[in-house]
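# Analysis of the macromolecular model
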Amino acid sequence: MDRIIYLDNAATTKPAPEVLKEMEPWVTEFYGNPSSIYRFAQRSSQKIEESREALAAMIGANPEELYFTGGGSESDNWALKAAAEAYRKKGNHLITSKIEHHAILHTCEYLEQHGYEVTYLDVDEDGIIDLEQLRKAIRPETILISIMAANNEIGTIQPVAEIGKIARERGVFFHTDAVQAFGHIPLNVEEMQIDLLSASAHKIYGPKGIGFLYIRKR
C-alpha cells in the first residue's frame, strides 16, 4: 500500500486512538439500548448523560440544552427548519452569508421554496461579513440569523460575539454553524449570545455520524 500524507483534516479527521479506546467498551460490552431498564443498558444511559454534561460545559450551556444528532448537517437542518416553522407567525425572513456550508445554503433554498425569504450577506476579501450590512438587513419579520463561526474552506473566523449582540438587541434568534470551530476556538453561548449552535465529532478526531445541536431553553 502506498504511503499517504493526509492534509485534509478540515474535511474530516482520523479518530484518535484515545477516542477509540474510550468508545470500545460501549460498543463491545455495554451495547444495550440506553432506554432499556436492565442494568448494563443503564450504564450506557449514564455515559450518554456524562458526555452531554462534558460537551455542555465546553460551550457554557446547560446539559438539557444539548440534543445529539447524526452530525453537523443534521444539526444545521434542524436549527433552521425548526426555528422557521416555530416562529412563522412572527415572520418569514432569515439572514445568512454567501459562504455558508451547503447544509445551510441548501436548507435556505428549501425554505425559500416554502414561502420564506432569505438575505445572503456579502463578505469582504477576507471572508468577513459587514456588521453594518447585517444591521440593515434585519426587518420586523426577521426571525433568524445564521452565520458560521469558522469557514470550512478558507478558515475565516466571524465576529460571533458581535453578531450575537446585534441579534439579541433586535430580538432575532442567532444560530452559528460551529462545526469547524468547536474544539478549536473558545465558544461560550452565554458570552456570545448564541441561541442555537451546531457541532460535529468527526472534525475533532471523534467518530463520524455523531454531532449535537445546542438550543437555548430561555
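One numbering rule holds for all chains: residues counted from 1, following each sequence as written. A pLDDT threshold of at least 70 governs which residues receive local features in this predicted model, and a stricter bar of 80 or more applies before side-chain atom pairs are shown or counted, although totals over entire chains, interfaces and linings include all residues. As a convention, hydrogens and water are excluded, and side-chain values are obtained from all of the structure's heavy atoms.

## Some thoughts on the pairing of strand β4 (residues 142–146)
Both faces of the sheet carry side chains from a regular strand, because those side chains alternate between them. The condition that has to hold: Using a 1.4 Å probe on the protein chains alone, a residue whose accessible area is under 20% of its type maximum counts as buried, one over 50% counts as exposed, and one in between counts as partly exposed. Where helices and strands are cited, they refer to DSSP runs of H or I of at least four residues and of E of at least two residues respectively, numbered from the N terminus. Strand pairing is defined by DSSP finding a minimum of two bridges between the two strands. The handedness rule is simple: strands pointing away from the viewer, and a clockwise path from the first strand over the helix to the second, make the crossover right-handed.
For β4, a buried count of five out of five residues is recorded, marking the element as mostly surrounded by other parts of the structure. Relative to β4, strand β2 (residues 93–97) runs parallel, the two being bridged by three bridges. Pairing of H93 across the sheet is with T142, part of β4. Read as a crossover between parallel neighbours, the route from β4 over helix α6 (residues 160–169) to strand β5 (residues 173–177) is right-handed.

## Some thoughts on the packing of helix α3 (residues 72–86) against helix α4 (residues 102–112)
Each pair of packed helices can be described by the angle between their axes along with the distance between the axes. Short version of the rule: Each axis is a line fitted through C-alpha atoms, taken for helices only over the stretch in contact, and angles between the N-to-C directions span 0 to 180 degrees. What sets the label is the angle itself: under 35 degrees gives roughly parallel, over 145 gives roughly antiparallel, 65 to 115 gives roughly perpendicular, and the rest give oblique. Take the far helix as your reference; a near helix turned counterclockwise from it by less than a right angle gives a left-handed crossing, and one turned clockwise gives a right-handed crossing. Residue contacts are defined here by distance: any two heavy atoms, one from each residue, within 4.5 Å place the two residues in contact. Each residue gets one label: Ala, Val, Leu, Ile, Met, Phe, Trp, Tyr, Cys and Pro are nonpolar, Asp, Glu, Lys and Arg are charged, and the others, such as Gly, are polar.
It is at 9 Å that the axes of α3 and α4 come closest, and there the two elements cross at 30°. It follows from the interaxial angle that α3 and α4 lie roughly parallel. The element α3 and its partner α4 pack so that their crossing is right-handed. The residues of α4 that touch α3, namely those facing S73, D76, N77, L80, K81 and A84, are A103, I104, T107, C108, Y110 and L111. Counted by class, the contact of α3 with α4 contains seven nonpolar, three polar and two charged residues.

## Digging into the pairing of β2
Taken across its five residues, β2 has five buried, putting it largely inside the fold. Because side chains alternate across β2, one face comprises the buried residues H93, I95 and S97, and the other comprises L94 and T96, equally buried. Here β2 runs beside strand β3 (residues 117–121); their pairing, made up of five bridges, is parallel. Within β3, the position partnered with L94 by the bridge is V118. Remark: the β2/α4/β3 crossover connection has right-handed handedness.

## Overview of the packing of aromatic side chains
Rule in force here: In this analysis, rings of Phe, Tyr and Trp, with Trp reduced to its six-membered ring, are considered paired at centre separations within 6.5 Å, and the interplanar angle assigns stacked below 30 degrees, edge-to-face beyond 60, and tilted for intermediate values. By definition here, charges over rings are those cases where NZ of Lys or CZ of Arg is within 6 Å of the ring centre and within 35 degrees of the ring normal.
According to the stated counting rule, one finds six aromatic pairs in the structure shown. Connected via pairs of aromatic rings, a cluster forms that spans Y31, Y38 and F40. Across the ring face of F30, the terminal group of R43 is positioned such that the distance to the ring centre comes to 4.2 Å. Taking NZ or CZ as reference, K81 lies 4.3 Å from the ring centre of Y110, over its face.

## Quick look at the environment of I143
Tracing the backbone through its elements, the reader meets I143 in strand β4. Considering only alpha carbons, one finds I143 and A181, 38 residues apart in sequence, at a separation of 24 Å. Those residues in contact with I143 that sit more than four places away from it in its chain are A83, A84, Y87, K90, G91, H93, L94, V172 and F173.

## A word on the environment of N92
Within the secondary structure, N92 is located in the loop between α3 and β2. By relative accessible area, N92 is classed as buried at 19%. For the pair N92 and S73, spaced 19 residues apart in the sequence, the C-alpha separation amounts to 22 Å. If near-sequence neighbours (up to four positions away) are discounted, N92 is found in contact with G115, Y116, E117 and E141.

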